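Structural features, examined
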Amino acid sequence: MEIARAAAALFVRQGLRATRAEDIAQAAGIAPRTFYRYFASKEEAVAPLYAAGAELCIQAVRDAPAGLSLPEAIRHAVEHTLSPDMRVSAASWEWVRTLIRLADASPALGKVWAEVCRTSEYALAETLAERLSRAGVTGTTWATGATGATGVAEAADPAGNAGSVDAAGPAGAAGPVEATGSTGAAGSAGPLGSAGAVRSAGDNVARPAAILPQLRLTAAVAGAAIRVAVESWAATTSAPTGPDGPAALALRNLTALQNYAWPENPA
């Protein structure tokens, strides 16, 4: 994460084009060959920061009160992670703004941002499935009233968790946020659907063995609502708080999805 923070600081201070991989290595106190051991390009160096912000939001969905429906859990996560607070300062959000603008202006950095968003979408789908599994849902009943549309594949056999936040970065977006615990979706061994059911040490909840298309679509819809909000905010000069901040924009986007057929917890 030190390399990622060094890269972000240089990108913000002197711009992406003027920053070389060698500059990042020097700022991080490592040799250039060590840099290339971890990253193929200077743009890839900030991927852990983009990812850590998304992991913070996903963890907030996971930790939302058990009685909340999926859309309520996502709104809860937005309210708790997309506004400046004691963990992520307003100044840090300005880093976020710059990093997202750079991703929009640079195809290479934009590719890194898009890949992180795609991976985070998978992790969110796993987290939503995990919430339904904990609520006792093995076949999802959709809000339209249709039955038999299974969103969660039931685990047959027993088979992370963002820690403290460092310098900056929101959930679902970008920023120098450091996850000191395990990252990604709990128990995930790889791309969505590639891992078998697992149990995390310390709980007895079997993780879903696979995520079926309906729940992946739900994660894609919710993730897009948050991503578009953060990107839209970053394109402006609006403060990170208030009616034009990323949290308010994301909540409005989620409200626009009120007629979406969200998977439901059992009554």
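Model, not experiment: these values are computed from the prediction. (Residues numbered from 1 in each chain as written. Predicted model: local features only at pLDDT ≥ 70, side-chain atom pairs only at ≥ 80, totals over all residues. Heavy atoms only, no water.)

**Side note on the pattern of salt bridges**
Overall, the coordinates contain seven salt bridges when judged by the stated rule. Across the salt bridge formed by Glu115 and Arg118, the nearest N and O atoms sit 2.7 Å from each other. Taken together, the residues Glu115 and Arg118, both in helix α7 (residues 107-134) and three residues apart, mark about one turn of the helix. Here Arg118 falls in the partly exposed class, since its relative accessible area comes to 37%. Linked through salt bridges whose partners overlap, the residues forming this network are Arg62, Glu130 and Arg134. (Salt bridge = Lys/Arg side-chain N within 4 Å of Asp/Glu carboxyl O. Helix = DSSP H or I, 4+ residues; strand = E, 2+ residues; numbered from the N terminus. Buried < 20%, exposed > 50% of the residue type's maximum accessible area, 1.4 Å probe, protein only.)

**Here's the deal with the side chain of Arg62**
With respect to the secondary-structure elements, Arg62 resides in helix α4 (residues 47-63). Classification of Arg62 by relative accessible area gives buried; the value is 8%. Polar side-chain contacts of Arg62 include one of 2.9 Å to the side chain of Thr127. (Polar contact = N/O pair within 3.5 Å; in protein donor to acceptor, adjacent residues only side chain to side chain.)

**Side note on the environment of Leu68**
Mapped onto the elements, Leu68 comes out in the loop between α4 and α5 (70-81). Exposure remark for Leu68: the relative accessible area of 22% places this residue in the partly exposed category. The spatial distance from the C-alpha of Leu68 to the C-alpha of Arg131 is 9.5 Å, given a sequence separation of 63 residues.

**Points about the packing of helix α1 (residues 2-14) against helix α6 (residues 90-105)**
Close contact between α1 and α6 brings their axes to 10 Å; oriented N to C, the two are set at 80 degrees. Classified by the interaxial angle, the pair formed by α1 and α6 is roughly perpendicular. Within the contact between the two elements, α1 uses Arg5, Ala8, Ala9, Phe11 and Val12 and α6 uses Trp95, Thr98, Leu99 and Leu102. (Axes fitted to C-alpha atoms, helices over the stretch in contact; angles between N-to-C directions. Parallel < 35°, antiparallel > 145°, perpendicular 65-115°, else oblique. Contact = heavy atoms within 4.5 Å.)

**Details of the environment of Ile30**
Here Ile30 lies in the loop between α2 (21-28) and α3 (32-38). In this structure Ile30 touches Ile3, Ala25 and Phe35, once residues within four positions along its chain are discounted.

Nothing here speaks to function; it is geometry throughout.
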